[in-house]
Amino acid sequence: MAFFPMFIDLTGANCLVIGSTDAVLRRSDALLDFGAKVMVKTKDEFTPGDIQGCKMVLVDTDDEEINLQISMMCKDAGIPVNIVGKPNLGTFSFPSYLKEGNLVGAFSSSGHSNALAKFLVNKEKEVLTPKLGELNEMLGKWKQPIEELFPQKSAQNSAFEQLIDYALCYDGIPTDEEVEELLGAISMTL
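Keep in mind that this is a model prediction, so the values were computed, not measured.

Caption draft 1: Molecular detail of the pattern of salt bridges. On inspection of all chains with the given rule, the structure shows 5 salt bridges. Here Lys43 makes a salt bridge to Asp62, at a shortest N to O gap of 2.6 Å. In this pair, Lys43 is assigned in the loop between β2 (37-41) and β3 (56-60) and Asp62 in the loop between β3 and α2 (64-77), connecting sequence segments 19 residues apart. Given the relative accessible area of 28%, Lys43 is considered partly exposed. With a shortest N-O distance of 2.7 Å, Lys141 and Asp176 are connected by a salt bridge. Here Lys141, found in helix α4 (residues 130-149), pairs with Asp176, found in helix α6 (residues 176-189); they are 35 residues apart in sequence, far enough to count as distant.

Shown next as structure tokens:
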């Protein structure tokens, strides 16, 4: 079964990581990369009250019974839980991802092959470059002015597509003046 891809805001969110394996600690680093507040506990330090107020729980212990108990507690509490290497016990799959600023690309094999997901991320590094991260920031800055200038969604999409084409052919991110000039030209054609 394929997992539905969803991106969520973890800024300031309490996330619990239970275990001390390399895999779960790498995942806790990823949570930190997205602004989460991460509490790491070993299986012996964990108490059921630790999950209260958590937005997400990651688990990787060598005790299958503890993994199952934590999974059931989280599911009962409506807290997304990921059990490393046991996708059938969790409620979400932890992706391999690439991040440039606020632009994020992620892959999941739905637990079938982490190696394949990592392979795809490495291939994506050729495309999702720091320049695209900068372009994303510039487009975000111009989102509201474009929506105001072009009330129809199709015209907005066309304007964004033309800005992207221009930026990808341009040696660097267009300045505000260049964007204004380009938007003026676009508005004459739409």
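Next comes the rest of the description.
Caption draft 2: Focus on the side chain of Ser109. Of note, Ser109 is situated in the loop between β6 (103-107) and α3 (114-124). The class for Ser109 is buried, based on a relative accessible area of 17%. Among residues more than four places away in sequence, those in contact with Ser109 are Asn114 and Ala117.

Caption draft 3: Geometry of the sheet that holds β2. As summarised here, the arrangement of the 4 strands in space is β2-β1-β3-β4, forming an open sheet in which the pairing is parallel. The two strands at the open ends of the sheet, each matched to only one other strand, are β2 and β4 (81-83). Along the sheet, successive strands turn relative to each other by an average axial angle of 15 degrees, direction set aside. Summarising the sheet, β3 and β4 pair through 3 bridges and their orientation is parallel. Considered in β4, the bridge of Val57 is made with Val81. Each of β1 (14-19), β2, β3 and β4 touches helix α1 (residues 22-33); the most contacted strand, β3, lies at about 160 degrees to it.

Caption draft 4: Just the pairing of β2, in detail. Bridge count for β1 against β2 is 5 bridges, and the pairing is parallel. Its bridge partner being in β2, Ile18 is matched across the sheet by Lys41.

Caption draft 5: Helix α5 (residues 153-169), seen in detail. Counted at 1.5 Å a residue, the expected span for α5 with its 17 residues is 24 Å, and the 24 Å between its end C-alpha atoms agrees. Residues of α5 that are buried sit in contact with α4 and α6.

Thresholds applied
Residues numbered from 1 in each chain as written. Predicted model: local features only at pLDDT ≥ 70, side-chain atom pairs only at ≥ 80, totals over all residues. Heavy atoms only, no water. Salt bridge = Lys/Arg side-chain N within 4 Å of Asp/Glu carboxyl O. Helix = DSSP H or I, 4+ residues; strand = E, 2+ residues; numbered from the N terminus. Buried < 20%, exposed > 50% of the residue type's maximum accessible area, 1.4 Å probe, protein only. Contact = heavy atoms within 4.5 Å. Pairing = 2+ DSSP bridges. Axes fitted to C-alpha atoms, helices over the stretch in contact; angles between N-to-C directions. Expected span 1.5 Å × (residues − 1).

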